[in-house]
Amino acid sequence: MCGRFTLNQSAASLAQLFHVEPVPDLAAEYNIAPTQMVATVLQNTESQKREFQQLYWGLIPSWAKDRGMGAKLINARAETVAEKPAFRSAFKHRRCLVLADGFYEWQRQQGKKQPFYFRLQDGQPFGFAGLWEKWRSPANEEIISCTILTTAANELLQPIHERMPVILEPQDYDLWLDSQMQTPEILQQLLRPYPAPAMIAYPVSILVNNSRHNNPQCIIPLSENNAPANQLN
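Residues numbered from 1 in each chain as written. Predicted model: local features only at pLDDT ≥ 70, side-chain atom pairs only at ≥ 80, totals over all residues. Heavy atoms only, no water.

The helix and strand tally for the chain stands at four helices and 13 strands. Over its C-alpha atoms the chain spans a radius of gyration of 17 Å, differing by no more than 12% from the 17 Å that the globule rule assigns to 233 residues. In terms of overall dimensions, the chain has C-alpha extents of about 50 × 35 × 35 Å along its principal axes. Put simply, the chain has 233 residues, and 50% of those count as buried. The long-range fraction of contacts in the chain, counting pairs at least 24 apart against all pairs at least 6 apart in sequence, stands at 67%. For the chain, the exposed area adds up to about 11500 Å²; of that, 48% sits on carbon and sulfur atoms. Positive and negative side-chain charges in the chain, numbering 21 and 22 respectively, have mean positions lying 9 Å apart. (Helix = DSSP H or I, 4+ residues; strand = E, 2+ residues; numbered from the N terminus. Rg over C-alpha atoms; globule rule 2.2 N^0.38 Å. Buried < 20%, exposed > 50% of the residue type's maximum accessible area, 1.4 Å probe, protein only. Contact = heavy atoms within 4.5 Å. Areas by Shrake-Rupley, 256 points an atom, 1.4 Å probe, with all protein chains shown as cover. Lys, Arg positive; Asp, Glu negative; His and termini not counted. Charge placed at Lys NZ, Arg CZ, Asp CG, Glu CD.)

On to the confidence of the model for the chain, then. Scored by pLDDT, the chain comes out at a mean of 93, with 96% of its residues at no less than 70. The model gives residues 224-233 a pLDDT under 50, and that stretch makes 20 contacts with residues more than four places away or in other chains. (pLDDT = per-residue confidence, 0-100.)

The relative placement of two aromatic rings is captured by the distance of their centres and the angle of their planes. Enumeration according to the criterion identifies 10 aromatic pairs in this entry. Their ring planes at 45 degrees and their centres at 6.4 Å tell us that Tyr104 and Trp106 sit as a pair that is tilted. Accessibility assignment for this pair places Tyr104 and Trp106 in one class, buried. When the ring of Tyr117 is compared with that of Tyr202, the centres are 5.9 Å apart and the planes differ by 65 degrees; the resulting orientation is edge-to-face. Of the two residues, Tyr117 sits in strand β8 (residues 112-120) while Tyr202 sits in strand β13 (residues 199-203), which places them 85 residues apart along the sequence. By relative accessible area, which is 5% here, Tyr202 ends up buried. Taken together, the aromatic side chains of Phe5, Trp57, Phe103, Phe118, Phe126 and Phe128 make up a single cluster linked through ring pairs. (Phe/Tyr/Trp six-rings, centres within 6.5 Å; stacked < 30°, edge-to-face > 60°.)

Okay, structure coming up:
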C-alpha cells in the first residue's frame, strides 16, 4: 500500500515538470497522511488542459452515504481497479496524478515496524497514478477526493513490502490524464512497477510513524552508515 509520502518542491519546478499552471506556493510536506489535502494534476474535460488541484486523500464514491468511507479507500489495487464498484467509474473517466517526491514503507524488525524512505535516484518529483471522484453530502457539501493506485513491489521494495504505489513515467502522463481514453487494457499497461535501479531507499527515524511529525528529520537517514543506496542491506 501507500500510506505516507512527501512533497517538498517549489511551485516553479512543479509547473515546469508537470506542464501545469498556475501552481500555488506549497508548504513543504514530509509526512503526508490519509484524509489530508494532497497536490494533484488532472485534465479539465472541457478545455482538455491540465489543472492543478488540491484534493482530499481517500476516495469517497459518489454513492457513499458519508465521507467516512474515504479513509478506507486511500489506495486502489491496479489489478482490480477496473472492476471494483468504488473505482471503476473513476478509472474510466477521472484519472489524475498525485504529486510526490518520495514515500514511506515499513518493515517488521524484531517485533517493531521500521520505516524506510523511497525516492528517485535523481531526486525529482513524480506523479503517482491516481483517481478522483466528486461527492456531495446530504448537507450539500462537495468534496473532491482521490486515491493512489498500487501494484506489485519492484526488487527494491520486495524485502520491505509486497506492494508499491504506481509511479508513472513522464511520457505516460498525457495518456493517463486523457479522459477520452477509456480502454482498460491500454491503461493497465501503465500500471507497472517502477524500475528499481532508478530508485533509492534507506531507513529513517520512527518519528514518521506519527503523522503529526512533519519536518526534514523525517527523511534523514538513520546514520551515515545508512546513507542512500540503490540496494537495501
